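Residue-level listing of the chains:
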Amino acid sequence: MPRGPLMIIGGAEDKLRKRTILREFVAAAGGDDARIAVVPTASSLGAEVIEVYDALFRREGAADVIAVRPESRDDAHDEVLIKTLDEATGIFMSGGNQLKLSAIISGTPLGDAIIAAHRRGVVVAGTSAGASIQSSHMVAFGGPGATPKQRMTQVAAGLGLLESSVIDQHFDQRNRYGRLLMIVSQSPSLLGIGVDEDTAAIVEHRDVDGAEHEVLRVIGRGSVTIFDPARITTNAFEAKRSAPILASGVVLHTLPEGSSFDLTTRTLVPPETRVDLEEAADIAVASHDLRRMARDIAAADASPQALRRRMARTRKSTPPPAGSQDGATT
């Protein structure tokens, strides 16, 4: 069975108007048959967060919404909570403190249950902190800024649903370019993924020429920024204290809604060509007329005089353009 999609949401997703991202999550979880487990552990407002998402998901048609709220690593061994995840068709992790979320569920039976659910085809979504923990490496905390600096941020272990990557959220709104660049400068094997608010990076497994690839597509109001440091030149291994870090040769991808990116090959998926149906019909008519003209010219019995007479008859049968009088424009 193919793995379920991951929905990596940059935080502050629209909850009042179109609710594009939340609607897509419920649809991926089964629509009217969706049984969604909400994990609000990262938030200090656990009960309130559950109430909000319960109302939102039910409004989008979900059949059931269940709270899974471990508040300690002991809770994350609770067989009742683990069974709830085993029966869920969708798992949603809320925002808050990602280090708290990681400290409580990573490496526990409940964390393992989330990973197992993803592997059997369940959609796993997370917003803000719930987005960061999906990668193999997770931003623990750190300050804003466009320039990467030594010790600008720290990294903790994530759930590893998305391997060889590090995810940051509220990316453009909180100017987190520098800290993501710092991480990939120190760990060039990682792909840096920054997700804007009210934006989701949806990672799906697709067959590409007979091989399974992870493909990321973007929905929402903002963009997903990807740093590929495979060929980076950096001094991160020797920069002192909080000195600026050299990061040269990092490949930058900025992906708005509708874009797709192959994470397996680290290449942009060419956009699909959209055909204007009216334009296509006009081209087909013109092509037909040209072919007919070519046949007439090539025909042995079509003298120049005959062609001129035919063209004259065609002009007479064609109505004058709007605004003209007796065929003469004014």
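Note: the structure precedes this text.
Residues numbered from 1 in each chain as written. Predicted model: local features only at pLDDT ≥ 70, side-chain atom pairs only at ≥ 80, totals over all residues. Heavy atoms only, no water.

Colleague: Just to check I follow, could you spell out the packing of aromatic side chains for this structure?
Modeller: The description of two aromatic rings rests on the distance between their centres and on the angle between their planes. What the rule picks out here adds up to 7 aromatic pairs. For the pair F25 and F57, a centre-to-centre distance of 5.3 Å together with 50° between the ring planes defines the contact as tilted. Note that F25 is positioned in helix α1 (residues 20-28) and F57 in helix α2 (residues 46-59), a separation of 32 residues in sequence. The pair formed by F25 and F57 is uniform in burial state, with each residue classed as buried. Its relative accessible area of 0% is what places F57 among the buried residues. (Phe/Tyr/Trp six-rings, centres within 6.5 Å; stacked < 30°, edge-to-face > 60°. Helix = DSSP H or I, 4+ residues; strand = E, 2+ residues; numbered from the N terminus. Buried < 20%, exposed > 50% of the residue type's maximum accessible area, 1.4 Å probe, protein only.)

Colleague: I'm lost on the pairing of strand β3 (residues 64-67) in this one. Help?
Modeller: Along any regular strand, the residues point their side chains to alternate faces of the sheet. Here 4 bridges tie strand β2 (residues 35-39) to β3, and the two strands are oriented parallel to one another. From the neighbouring strand, I36 faces β3, where its bridge partner is V65. Taken together, β2, α2 and β3 form a β-α-β motif whose crossover is right-handed. (Pairing = 2+ DSSP bridges. Right-handed = clockwise from strand over helix to strand, strands pointing away.)

Colleague: Would you take a moment to explain the sheet that holds β3 for this structure?
Modeller: Two pairing modes exist for strands in a sheet, parallel and antiparallel, and in both the strands are linked by backbone hydrogen bonds. Within the open sheet, the 9 strands sit side by side as β3-β2-β4-β5-β1-β10-β11-β16-β17. Their pairing is mixed. The sheet terminates laterally at β3 and β17 (267-268), the two strands that pair on one side only. Direction of pairing for β2 relative to strand β4 (residues 90-93): parallel, over a ladder of 4 bridges. The residue bridging A37 from the neighbouring strand is I91, located in β4.

Colleague: Please clarify how the packing of helix α3 (residues 79-87) against helix α5 (residues 109-119) should be interpreted in this entry.
Modeller: If you want to describe how two helices pack, look at the angle between their axes and the distance between the axes. Between α3 and α5, whose axes approach to 9 Å, the crossing angle comes to 5°. Compared by their axis directions, α3 and α5 come out roughly parallel. Counting all contacts with α3, which are made through L81, I82, L85 and D86, the residues of α5 involved are P109, L110, A113 and I114. Each residue belonging to the contact of α3 with α5 can be placed in one class, and the counts come to 7 nonpolar, no polar and 1 charged. (Axes fitted to C-alpha atoms, helices over the stretch in contact; angles between N-to-C directions. Parallel < 35°, antiparallel > 145°, perpendicular 65-115°, else oblique. Contact = heavy atoms within 4.5 Å. Nonpolar A, V, L, I, M, F, W, Y, C, P; charged D, E, K, R; others polar.)

Colleague: Could you clarify how one ought to interpret the packing of α1 against α2 in this entry?
Modeller: For the pair α1 and α2, the least separation of the axes is 9 Å and the interaxial angle reads 70°. With respect to α2, the axis of α1 lies roughly perpendicular. Across the interface between the two elements, L22, F25 and V26 of α1 pack against Y53, L56 and F57 of α2. Here the contact of α1 with α2 is composed, by residue class, of 6 nonpolar, no polar and no charged.

Colleague: Whenever I open this one, α2 confuses me. Can you help?
Modeller: Because the α-helix completes a turn every 3.6 residues, residues three or four places apart line up on one side. Look at α2: 20 Å from first C-alpha to last across 14 residues, which is about the 20 Å you get at 1.5 Å a residue. Within α2, the full set of buried residues consists of G46, V49, I50, Y53, L56 and F57. For α2, the buried positions fall inside an angular range of 140° around the axis, keeping them on one side. Seen from the buried face of α2, the exposed residues on the opposite side, beyond 90 degrees, are E51 and R59. (Expected span 1.5 Å × (residues − 1). Arc of directions from axis to C-beta.)

Colleague: Hey, could you run me through the pattern of salt bridges in this one?
Modeller: Opposite charge on two side chains lets them pair, provided their charged atoms get close. Applying the stated rule across the entire model yields 16 salt bridges. The salt bridge involving R58 is made with D64; its shortest N-O contact spans 3.4 Å. Across the pair K100 and E71 runs a salt bridge whose closest N-O atoms are separated by 3.5 Å. Of the two residues, K100 is situated in helix α4 (residues 98-105) and E71 in the loop between β3 and α3; the sequence distance between them amounts to 29 residues. The exposure class of K100 is partly exposed, given its relative accessible area of 26%. Residue class for E71 comes out partly exposed when judged on its relative accessible area of 35%. (Salt bridge = Lys/Arg side-chain N within 4 Å of Asp/Glu carboxyl O.)

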